[in-house]
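Structure at a glance
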Amino acid sequence: MKILVTGGLGYIGSHVSVLLLQKGYQVLIVDNLDNSSISVLDGIKKIINLSPVFEKLDVRNSDQMEILFSKHKDISGVIHFAAYKAVGESVEDPLKYYDNNVLGFITLLNFIKRKNIPLIFSSSATVYGDADLKPIIENAPIKEAFSPYGKTKQICEGIIRDIAKSDSFFRSVILRYFNPIG
């Protein structure tokens, strides 16, 4: 099975790519290198002595995505990590975050929905806002996010829910987590 990992050279994406390769999956990494480094690809190769396929492209670019999906017709699943993630920066430059995190996600969704490819979406615990109870549990209510970053995750989750309601063949999972490093 071939898994497309968007943002696959970022911190979480690269770790997931390593795990997928170790489990015997073919991995296709897509990354525009805006918030990552090509040297991570060498690191993946050194860790497991296997090489994922890498395509340098931006998920916001429909033409590039069309070529990608034409070239790789055997994609079995998508794990979407290609998003900006700095809360402070999102407050300073919200349009950058809405453009990348929401419009890029919509561009990707147009391809995977048309091809009926399942999705795992990397979300964030920021969607819970100022939760009433702590520790936060999965079914805690969604509250207003504190930052444009958190709002982009809420919007994308809403898009997933709307598509799931309108299309019984659409398969998706939303993963919410706190800072995976801290």
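Above this text is the structure in question.
Residues numbered from 1 in each chain as written. Predicted model: local features only at pLDDT ≥ 70, side-chain atom pairs only at ≥ 80, totals over all residues. Heavy atoms only, no water.

Describing the overall build of the protein
Secondary structure summary: the protein contains six helices and six strands in total. Listing each helix as α and each strand as β along the protein from the N terminus yields β-α-β-α-β-α-β-α-α-β-α-β. At 16 Å, the protein has a C-alpha radius of gyration in line with the 16 Å of a compact globule built from 182 residues. Along the longest, intermediate and shortest principal axes, the C-alpha atoms of the protein span 45 × 40 × 30 Å. Counting only residues that meet the buried cut, the protein has 45% of its 182 residues in that class. (Helix = DSSP H or I, 4+ residues; strand = E, 2+ residues; numbered from the N terminus. Rg over C-alpha atoms; globule rule 2.2 N^0.38 Å. Buried < 20%, exposed > 50% of the residue type's maximum accessible area, 1.4 Å probe, protein only.)

Things to note about the pairing of strand 6 (residues 172–175)
Direction of pairing for strand 5 (residues 119–122) relative to strand 6: parallel, over a ladder of four bridges. Looking at the pairing, F121 lines up with I174 of strand 6. Read from strand 5 through helix 6 (residues 148–166) to strand 6, the crossover connection turns out right-handed. (Pairing = 2+ DSSP bridges. Right-handed = clockwise from strand over helix to strand, strands pointing away.)

Some details on the packing of helix 3 (residues 62–71) against helix 5 (residues 94–114)
Relative orientation of the contacting elements helix 3 and helix 5 amounts to 30°, with a least axis distance of 10 Å. For the element pair helix 3 / helix 5, the angle class is roughly parallel. When the axes of helix 3 and helix 5 are compared, the crossing they make is right-handed. Facing helix 3, whose interface residues are S62, M65, E66 and F69, helix 5 presents T107, L108, F111, I112 and R114. For the contact of helix 3 with helix 5, the class distribution of residues is five nonpolar, two polar and two charged. (Axes fitted to C-alpha atoms, helices over the stretch in contact; angles between N-to-C directions. Parallel < 35°, antiparallel > 145°, perpendicular 65-115°, else oblique. Left-handed = near helix turned anticlockwise from the far one by under 90°. Contact = heavy atoms within 4.5 Å. Nonpolar A, V, L, I, M, F, W, Y, C, P; charged D, E, K, R; others polar.)

Overview of helix 1 (residues 11–22)
Each full turn of the α-helix corresponds to 3.6 residues, which orients residues three or four apart in the same direction. With twelve residues, helix 1 ought to run about 16 Å at 1.5 Å a step, and its terminal C-alpha atoms sit 17 Å apart, in line with that. For helix 1, every residue scored as buried is listed here: G13, S14, S17, V18, L20 and L21. Around the axis of helix 1, the buried residues are gathered within 165° of arc, so they sit on the same side. Two residues or fewer past helix 1, G24 is found with a positive phi of approximately 95°. (Expected span 1.5 Å × (residues − 1). Arc of directions from axis to C-beta.)

Here's the deal with the nonpolar core
Residues L4, F69 and L119 are the most contacted members of the largest nonpolar core, which totals 25 residues. Where this core is concerned, the elements lending two or more residues are strand 2 (26–31), helix 3, strand 4 (75–80), helix 5, strand 5 and helix 6. Among residues more than four places away in sequence, those in contact with L4 are L28, V30, L68, F69, I75, G77, V78, I79 and L108. With 13 residues, the next largest nonpolar core counts V5, V18, V27 and I48 among its residues. (Core = buried A, V, L, I, M, F, W, Y, C linked by side-chain atoms within 4.5 Å.)

Re the packing of helix 5 against helix 6
Running from N to C, helix 5 and helix 6 point in directions that differ by 20°, and their axes come no closer than 9 Å. With respect to each other, helix 5 and helix 6 are oriented roughly parallel. Considering only the axes of helix 5 and helix 6, their crossing is right-handed. Judged by residue contacts, P94, Y97, Y98, N101, V102, F105, I106, L109 and K113 of helix 5 engage P148, Y149, K151, T152, I155, C156, I159, I160 and I163 from helix 6. Here the residues of the contact of helix 5 with helix 6 are counted per class, giving 14 nonpolar, two polar and two charged.

So, the sheet that holds strand 6
Spatially, six strands are ordered 3-2-1-4-5-6 in an open sheet, and the strand pairing comes out parallel. Looking at strand neighbours, the two that pair on one side only are strand 3 (53–56) and strand 6, the edges of this open sheet. Averaged over all neighbouring strand pairs, the angle between strand axes comes to 20°, with direction disregarded. Relative to strand 4, strand 1 (residues 2–6) runs parallel, the two sharing five bridges. Paired with V5 across the strands is I79, a residue of strand 4.

Structural notes on the packing of aromatic side chains
In this structure the tally under the stated criterion is three aromatic pairs. Considering the side-chain rings of F105 and F121, the 4.8 Å spacing of their centres and the 45° angle between planes classify their relative orientation as tilted. In this pair, F105 sits in helix 5 while F121 sits in strand 5, placing the two residues 16 residues apart along the sequence. Each member of the pair F105 and F121 is classed as buried. Residue placement shows K96 over the ring face of Y84; its charged tip is 4.8 Å from the ring centre. (Phe/Tyr/Trp six-rings, centres within 6.5 Å; stacked < 30°, edge-to-face > 60°. Lys NZ or Arg CZ within 6 Å of the ring centre and 35° of its normal.)

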